[in-house]
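A structural walkthrough
The primary structure of each chain is shown beneath.
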Protein chains: 2
Amino acid sequence: MNHDPHSVGIVSPQCAEFDEPLPLQSGASLPSYRLMYETYGTLNADRSNAVLICHALSGNHHVAGRHHADDKYPGWWDTMIGPGKPIDTSRFFVVGINNLGGCHGSTGPMSLNPATGKPWGAAFPVVVVNDWVHAQACLADRLGIEKWAAVIGGSLGGMQALRWTVTFPQRVRHCLTIASAPKLTAQNIAFNDVARTAILADPDFHGGDYYQHGVAPKRGLKLARMLGHITYLSDEGLGGKFGRQLKSDGYQFGYGSEFEIESYLRYQGDRFADVFDANTYLLMTKALDYFDPARHFGGSLPAALAATAAKFLVVAFTTDWRFSPERSKETVQALLDAKKSVSYAEIESVHGHDAFLMTDPSYMQLMDAYLRRVADEVGA
Amino acid sequence: MNHDPHSVGIVSPQCAEFDEPLPLQSGASLPSYRLMYETYGTLNADRSNAVLICHALSGNHHVAGRHHADDKYPGWWDTMIGPGKPIDTSRFFVVGINNLGGCHGSTGPMSLNPATGKPWGAAFPVVVVNDWVHAQACLADRLGIEKWAAVIGGSLGGMQALRWTVTFPQRVRHCLTIASAPKLTAQNIAFNDVARTAILADPDFHGGDYYQHGVAPKRGLKLARMLGHITYLSDEGLGGKFGRQLKSDGYQFGYGSEFEIESYLRYQGDRFADVFDANTYLLMTKALDYFDPARHFGGSLPAALAATAAKFLVVAFTTDWRFSPERSKETVQALLDAKKSVSYAEIESVHGHDAFLMTDPSYMQLMDAYLRRVADEVGA
């Protein structure tokens, strides 16, 4: 893979330690924290070509390239980021970051609580999207980035991108919010609550302090992931890929996995439960539920967005029913009402919500064309 | 409630015992079985006015009226059935039945296995829709009903109604299949499998033999029900009823139920887990997954329906995404291809899949008009 001219190649995570406290929206405060991040490309002399990639529920700072030549998988958005790719690392300085509360090295429930010397566990404060944005801004300061050429994210990542333009209206040149929504619906919250209930009800959860019991609520986390997975894919996409195919001839008349879709889902659930932290999953779903930038502006999204100086690209996918095109159009309408510059694209795809991670050609072309203009604009 | 002229009033369940074995599609056989049922109205002299009501996942034989004057709730389809109601008990003889595998008195996992003297539990055979139809036919024989004026059901009940016309093409005059589908999609199966996995993973499940442990897998069943419930309602309906309303002022920054929708779902889940049997839930979801009448006809639904002599009413609801109108149209198209008589109605409703249990006026009018013609036709 090192010889792929469009790959960022072998990359190394970096770690930024912050000793000053971070006040959180809940009223709690983190006394100190660390953020894991990766960068690809080179920051130009006037520091105008930096792009921030915000991750979704299960993502992290490892966005592109490989840590070792023999890594099975590259970073989670490797298809989008690299030399000559839409987020072109020969022009942009790209920053990926693991959010607070994560389980990939940034301070989170698995980290040691300095007050007790034990893992934070249940005591880790609930964080919201705006807390992440504040932490990301601290990293930007550390890296000497006053203004992002673009802040980009899909799903929960798109919420962070949108929130950046509200919290730091002068620090974002372009906001790309993809397969996202300005707030969750009751149905969205309901799905998250089933996932949380599955984790909380797992006897191995131990009120969130399972680390010291040497166990993890894997059954609950598996269920949460299986359910989430269904909502990431479209009915049509699942139908095309799995349909009613059986693993063997004929019905088994039992409760093992016999349809291909069952086998796939259970495998995905098990694999995820082995590598992800349940407390982080809880935190991430709560950040989703709480996201509502209009809330402190009397429920008016145009009012929330009034101060922003960013230009926007809003992208939605036809078969995404988790955050349908209608949800993206709410953001677009609010931006129009606020008299902001916004482009909107609705991409034909069978991949449902996950389409933001896929490579449907018109999506890739759109991203490429838009970001090429951004690069020109910042002289990258 | 006794004085409501449109209620069937106080009703009593009845029990039919069958001592002959019932061979099942799985190859297993029930040595003997009992069926709980209720009837409303009077069978006419030529036995032409009988209507069978088939229940969905969590339903039973108690379809209308009350068992006691102080019952809090009437039967599950009381809005549809009674004197002067669409399924008019002053004209029809209505039969409600609890299906095999149920947990309301018919032979099921909670019943004693005559071979062991203990509850069947995990040993209860997996049953399919066609097994239910055969058992229902045995009850029809017992009641002296050669031909139903109509077989009617919503959701899984609609699948039984459809299956009747395939298995016993000469015994059904009218088939009313509502908010149903000719088979599940991969997404449908996936949701069922998450529900099953929740139950199977509950430490109180004990491989299905939890009765003798004096426990029940209530956590798993609660999760299954919460998830199911989301799929019964529409995004739009949930939005209208709950939106993002909080139970108290401001975010709680914890994992208790704080949005109204969470509170509602958890309550529904708990209530259901207290009264329903988890083994029955497993069986019902499996019957849904397996349903596919075209399967033994080379995948051709028109071929499966070729022999039926019934007339059909197919009803779908605009916001039903569990079994969307497109799924009902598959049935309609197959019936047209098979040159059968079919009427189709797509009802505007915000109630999602649950609309089949609701009283949207155009739905009630449609049912009333259609069944009035059926009553006229059979001289009821």
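Since this is a predicted model, take the numbers as computed values, not measurements. Within every chain, residues take consecutive numbers counted from 1 along the sequence as written. Naming scheme: in the order in which they are written, chains are lettered from A and ligands are numbered from 1. The predicted nature of this model means local features are confined to residues of pLDDT at least 70 and side-chain atom pairs, given and counted, to a pLDDT of 80 or more, with totals for whole chains, interfaces and linings taken over all residues. With hydrogens and water stripped out, all remaining heavy atoms of the structure feed into the side-chain values.

1. Comments concerning the relation of the copies chain A and chain B
In plain terms, the rule: Overlaid copies result from least-squares superposition on C-alpha atoms, with residues included only where pLDDT is at least 70 in both. The criterion used for residue contact is that any of the two residues' heavy atoms lie within 4.5 Å.
Mapping chain A onto chain B leaves a residual RMSD of 0.0 Å; the transformation is a rotation of 180° accompanied by 0.0 Å of translation along its axis. What we have between these two chains is a two-fold relation. Comparing interface residues between copies, 100% of those in chain A also lie at the interface in chain B; the contact surface is shared.

2. Concerning the nonpolar core
The following threshold applies: Here, nonpolar core refers to any group of buried Ala, Val, Leu, Ile, Met, Phe, Trp, Tyr and Cys residues whose side-chain atoms link them within 4.5 Å. Summary of the burial criterion: residues with accessible area below 20% of their type's maximum are buried, those above 50% are exposed, and those between are partly exposed, where the area comes from a 1.4 Å probe applied to protein chains only.
One finds Trp77, Ile152 and Tyr363 of chain A together with Trp77, Ile152 and Tyr363 of chain B to be the most contacted residues of the largest nonpolar core, which totals 257 residues. If near-sequence neighbours (up to four positions away) are discounted, Tyr363 of chain A is found in contact with Trp77, Met80, Ile178, Val315, Phe317, Ile347, Ala355, Phe356 and Met358 of chain A.

3. So, the state of the cysteines
All names here are of chain A. Using the following cut-off: The criterion for a disulfide is a pair of cysteine sulfur atoms lying within 2.5 Å.
A full pass over the atoms with the stated rule returns zero disulfides over all chains. Of all cysteine sulfurs, the one in Cys54 lies closest to Cys138, which takes part in no disulfide; the gap is 14 Å. Judged by relative accessible area, Cys138 falls into the partly exposed class, the value being 22%. Cys54 provides the cysteine sulfur closest to Cys175, a residue in no disulfide bond, and the two sulfurs are 8.7 Å apart. Look at Cys175 and you get buried, because its relative accessible area is 0%.

4. Regarding the UniProt feature "binding site: substrate" (unreviewed entry) in chain A
All names here are of chain A. The criterion, for reference: UniProt positions are given in the numbering used here, feature names are shortened, and annotations may be inferred rather than shown by experiment. Numbering of helices and strands runs from the N terminus; a helix is a DSSP stretch of H or I covering at least four residues, while a strand is a stretch of E covering at least two.
The UniProt entry lists Arg225 and Asp354 under the feature "binding site: substrate" (unreviewed entry), expressed in the numbering used here. Spanning 130 residues, the named residues form one tight spatial group whose C-alpha atoms are at most 13.8 Å apart. For Arg225, the position within the fold is in helix α4 (residues 218–232). Among residues more than four places away in sequence, those in contact with Arg225 are Ser58, Tyr232, Gln268, Gly269, Phe272 and Tyr281. Residue placement: Asp354 occurs in the loop between β12 (342–347) and α10 (361–377). A residue is classified by how much of its surface remains accessible, and Asp354, at 13% relative accessible area, is buried. Excluding its chain neighbours within four sequence positions, the residues that come into contact with Asp354 are Tyr232 and Leu233.

5. A short note on the packing of aromatic side chains
Applied cut-off: For this analysis, a ring pair means two rings from Phe, Tyr or Trp (six-membered ring only for Trp) whose centres lie within 6.5 Å, classed as stacked if their planes differ by under 30 degrees, edge-to-face if by over 60, and tilted for the remaining angles. The rule is short: NZ of Lys or CZ of Arg within 6 Å of the ring centre and within 35 degrees of the ring normal puts a charge over the ring.
For the coordinates displayed, the defined rule picks out 37 aromatic pairs over all chains. Here Phe191 of chain B and Trp321 of chain B contribute two aromatic rings whose centre-to-centre distance is 5.9 Å and whose plane-to-plane angle is 75°, an arrangement assigned as edge-to-face. On the criterion of sequence distance, the pair formed by Phe191 of chain B in helix α3 (residues 186–200) and Trp321 of chain B in the loop between β11 (311–317) and α9 (325–337) is long-range, its members being 130 residues apart. Residue classification places Phe191 of chain B among the buried positions, given a relative accessible area of 6%. Over the aromatic face of Phe18 of chain A sits the side chain of Arg142 of chain A, whose NZ or CZ is 4.2 Å from the ring centroid. A cation over a ring is seen here: Arg322 of chain B above Phe323 of chain B, with NZ or CZ 5.9 Å from the ring centre.

6. Thoughts on the sheet that holds strand β11 (residues 311–317) of chain A
Residue and element names in this part refer to chain A. Rules: Criterion used throughout: strands pair if DSSP finds at least two bridges between them. All axes are obtained by fitting lines to C-alpha atoms, using only the stretch in contact for helices, and the reported angles, taken between N-to-C directions, cover 0 to 180 degrees.
Spatially, eight strands are ordered β1-β4-β8-β5-β9-β10-β11-β12 in an open sheet, and the strand pairing comes out mixed. The strands lining the two open edges of the sheet, one partner per strand, are β1 (14–18) and β12. Ignoring strand direction, the axes of neighbouring strands in this sheet form an average angle of 20°. In the sheet, strand β5 (residues 50–54) pairs with strand β9 (residues 150–154) via four bridges, with the strands oriented parallel. Residue Cys54 lies in a different strand from β9, and its bridge partner there is Gly153.

7. Quick notes on the environment of Leu43 of chain A
Residue and element names in this part refer to chain A. As for its position among the elements, Leu43 is in the loop between β4 (33–40) and β5. Distance from Leu43 to Ser263, taken between C-alpha atoms, is 45 Å for residues 220 residues apart in sequence. In this structure, Leu43 is in contact with Asn49, Ala50, Phe93, Leu143 and Ile145, ignoring residues within four places of it in sequence.

8. Quick notes on the sheet that holds strand β9 (residues 150–154) of chain B
Residues and elements named next belong to chain B. Across the sheet, eight strands lie side by side as β1-β4-β8-β5-β9-β10-β11-β12; this open sheet has mixed pairing. Each edge of the sheet is formed by a strand with only one pairing partner; in this case those strands are β1 (14–18) and β12 (342–347). Recorded for the sheet is a direction-independent mean angle of 20° between the axes of neighbouring strands. When β11 meets β12, the two strands line up parallel, connected through six bridges. Residue pairing across strands places Ala316 opposite Glu346, the latter belonging to β12. Sheet contacts for helix α2 (residues 156–167): β5 (50–54), β9, β10 (174–178) and β11; angle to β9, the most-contacted strand, approximately 150°.

9. Focus: the domain arrangement of chain A
All names here are of chain A. Keep this limit in mind: For every domain, the bounds stem from an assignment made automatically or drawn from a database. Once two parts are joined, some of their accessible surface, as seen by a 1.4 Å probe, is lost; buried area is that loss totalled over both. Here a salt bridge means any side-chain nitrogen of Lys or Arg lying within 4 Å of a carboxyl oxygen belonging to Asp or Glu. In protein, a polar contact requires one atom able to donate a hydrogen and another able to accept it; more generally it is a pair of N or O atoms within 3.5 Å, and residues adjacent in sequence count only if both atoms are side-chain atoms. Three classes are used: nonpolar for Ala, Val, Leu, Ile, Met, Phe, Trp, Tyr, Cys and Pro, charged for Asp, Glu, Lys and Arg, and polar for all others, with Gly counted as polar.
The domain architecture assigned to chain A consists of domain 1 (14–183 + 292–378) and domain 2 (188–285). Centre-to-centre, using C-alpha coordinates, domain 1 lies 26 Å away from domain 2. At the interface, 31 residues of domain 1 touch 27 residues of domain 2. At the boundary of domain 1 with domain 2, total buried surface from both sides reaches about 2,300 Å², with 62% on carbon and sulfur atoms. Viewed at the interface, domain 2 and domain 1 are joined by zero salt bridges. Where domain 1 meets domain 2, there are nine residue pairs in polar contact (both at pLDDT 80 or more). Taken together, the residues of the side of domain 1 that touches domain 2 break down into 17 nonpolar, 10 polar and four charged.

10. Notes on the UniProt feature "domain: AB hydrolase-1" (unreviewed entry) in chain A
The UniProt record marks residues 49–339 of chain A with the feature "domain: AB hydrolase-1" (unreviewed entry), using the residue numbering of this structure. Helix makes up 38% of residues 49–339 of chain A and strand 11%, whereas the separation of the span's terminal C-alpha atoms amounts to 26 Å.

11. Details of the interface of chain A and chain B
In this complex, chain A contributes 57 residues to the contact, which on the side of chain B involves 57 residues. Surface buried jointly by chain A and chain B totals about 4,900 Å² across both partners, of which 67% is contributed by carbon and sulfur atoms. Its largest share of buried area at the contact with chain B, chain A owes to Arg244, Phe253 and Tyr255 of chain A, together 17% of the area lost on that side. Summed over the shared surface of chain A and chain B, the result is 10 salt bridges. We note a salt bridge from Arg266 of chain A to Asp193 of chain B, for which the minimum N-O separation is 2.5 Å. The interface formed by chain A and chain B holds 18 residue pairs in polar contact (both at pLDDT 80 or more) in total. With 11 residues, helix α3 (residues 186–200) of chain A is the single largest residue contributor to the side of chain A that touches chain B. Class assignment of the residues belonging to the side of chain A that touches chain B gives a composition of 31 nonpolar, 12 polar and 14 charged.

12. As for the side chain of Asn188 of chain B
All names here are of chain B. Its location among the elements puts Asn188 in helix α3. For Asn188, a relative accessible area of 8% gives the class buried. In terms of polar contacts, Asn188 uses its side chain to reach the backbone amide nitrogen of Thr185, at 2.9 Å. Apart from the residues within four sequence positions on either side, Asn188 is in contact with Arg322, Phe323 and Arg327.

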